[in-house]
Amino acid sequence: MNTELLKNISENLQKGRAKLVKELVQQALDEGISPETILNEGLLDGMNIVGGKFKAGEVYVPEVLIAARAMNQGAQMLKPYLEEAGVQSIGRACLGTVQGDLHDIGKNLVKMMLEGKGIEVIDLGTDVAPETFINTAIEQDCQLICLSALLTTTMGVMEEVVKKAEEAGIRDKVKIMIGGAPVDDAFCKKIGADAYTPDAASAADVAKSFLTA
Ligand code: B1M
């Protein structure tokens, strides 16, 4: 495998060169590198390095934003390749990043992977209020509510969504799935959600298993 090319994707993503990242992703696809490898060892590798530098105070919000744009555009190129061939709709999910939280890269990856499994996704975006998840699930007849949070200060909103689903009388009709860096399985159990998954690919597998059970 062309590891130099994957390294190139990672490095250019860190520099926020979206156009070049897209070209390199296409080149990697043309060379037959699997979309999962390009995602994990190219795009996500670059984003993780940016994350580490952000944490260490070596880069600031503008640099992170342009890297995030390159990440999203590169990931969009992979979308058609991650979809299962001739996939039929197996159910509907509403998905969003919870209120107070603007991080959307992980949420966008989850959307892509769910759609790849034939799940219709209503993307509510970022900073989504608990009521919006519940109203959408009711009005659009969603079997899944999928919540993403990246901040320790916003993960508590997930519990509110679970409570509001109970109050609205839909708790037995929807599965509530959670994910994002600060949450884990113990938190999932504590708040009474149905599933925590650590990454977008496993979120799609679990979502499919809920819809086909
Ligand atoms: Co912010 N940020 N950020 N940020 N940011 C983090 C999360 C942070 C860990 C960085 C740090 O300091 N170490 C830190 C949070 C600390 C904490 O709460 N413990 C942080 C902070 C503090 C902040 C601000 C407060 C900074 C400030 O303004 N002072 C601010 C908050 C703004 C807000 O939301 N209200 C802020 C802003 C930003 C940017 C706007 C600059 C930018 C977001 C751009 C965007 O999303 N469009 C940004 C970014 C990019 C990051 C880091 C660097 C990268 C996050 C990311 O996209 N990772 C992040 C550091 C880090 O995580 N290492 C950081 C790649 C992405 C693919 O991973 O989203 O984790 P992730 O998704 C994963 C899994 O978590 C999972 O699947 C994905 C992998 O397949 N997953 C799910 C996610 N959702 C799921 C749902 C599921 C299942 C799996 O089921 C439904």
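Residues numbered from 1 in each chain as written. Predicted model: local features only at pLDDT ≥ 70, side-chain atom pairs only at ≥ 80, totals over all residues. Heavy atoms only, no water.

Draft legend 1. How the structure looks around the sheet that holds strand S5 (residues 195–196). With parallel pairing, the five strands of this open sheet are ordered in space as S2-S1-S3-S4-S5. Edge positions in the sheet fall to strand S2 (119–123) and S5, since each has one partner strand and no second. Pairing between strand S1 (residues 91–97) and strand S3 (residues 144–148): five bridges, direction parallel. Note on S3: the bridge partner recorded for threonine 97 is serine 148. Strand contacts of helix H7 (residues 156–167): S3 and strand S4 (175–179), with the helix running at about 180° to S4, the strand carrying the most contacts. Those strands touched by helix H9 (residues 200–212) are S1, S2, S3, S4 and S5, and its axis lies near 175° from that of S4. (Pairing = 2+ DSSP bridges. Helix = DSSP H or I, 4+ residues; strand = E, 2+ residues; numbered from the N terminus. Contact = heavy atoms within 4.5 Å. Axes fitted to C-alpha atoms, helices over the stretch in contact; angles between N-to-C directions.)

Draft legend 2. Structural view of the environment of methionine 113. Secondary-structure assignment places methionine 113 in helix H5 (residues 105–116). A relative accessible area of 13% places methionine 113 in the buried class. The sequence separation of methionine 113 and aspartate 205 amounts to 92 residues, and the corresponding C-alpha distance is 8.8 Å. Filtering out sequence-adjacent residues up to four positions away, methionine 113 remains in contact with Leu39, Leu82, Ala200, Ala201 and Ala204. (Buried < 20%, exposed > 50% of the residue type's maximum accessible area, 1.4 Å probe, protein only.)

Draft legend 3. Spotlight on the layout of surface pockets. Taken as a whole, the largest pocket spans an internal volume of roughly 1400 Å³. Per-element tally for the lining of the largest pocket: the top contributor is helix H3 (residues 35–55), with nine residues. Along the lines of polarity and charge, the residues of the lining of the largest pocket split into 29 nonpolar, eleven polar and seven charged. Two domains each donate at least three residues to the lining of the largest pocket, and these are domain 1 (3–85) and domain 2 (91–212). (1 Å grid on protein atoms, 1.4 Å probe; cavity = no way out; pocket = protein on both sides within 12 Å on 5 of 7 lines; lining within 4 Å. Points joined across faces, edges and corners; volume = space filled by probe spheres on them. Nonpolar A, V, L, I, M, F, W, Y, C, P; charged D, E, K, R; others polar. Domains from an automatic or database assignment.)

Draft legend 4. Spotlight on the coordination of the cobalt atom of the ligand. In this structure the cobalt atom of the ligand is ligated by exactly one protein donor, His103 (NE2), at 2.2 Å. Along the polypeptide, histidine 103 turns up in the loop between S1 and H5. (Donors = N, O, S within 2.8 Å, 3.2 Å for Na, K, Ca; no water.)

Draft legend 5. Fine view of the side chain of asparagine 12. The topology assignment puts asparagine 12 in helix H1 (residues 3–14). The class of asparagine 12 is buried, set by a relative accessible area of 5%. Beyond its immediate chain neighbours, meaning those up to four positions away, asparagine 12 contacts Arg17, Leu20, Val21 and Leu24.

Draft legend 6. Fine view of H9. Here H9 contains 13 residues, and its C-alpha end-to-end distance of 18 Å stays within 8% of the 18 Å for a straight helix at 1.5 Å per residue. For H9, the full list of buried residues reads Ala200, Ser202, Ala203, Ala204, Ala207 and Leu211. Where H9 begins, one side-chain oxygen reaches toward the backbone nitrogen of alanine 201, 3.2 Å away; that side chain belongs to aspartate 199. (Expected span 1.5 Å × (residues − 1). Polar contact = N/O pair within 3.5 Å; in protein donor to acceptor, adjacent residues only side chain to side chain.)

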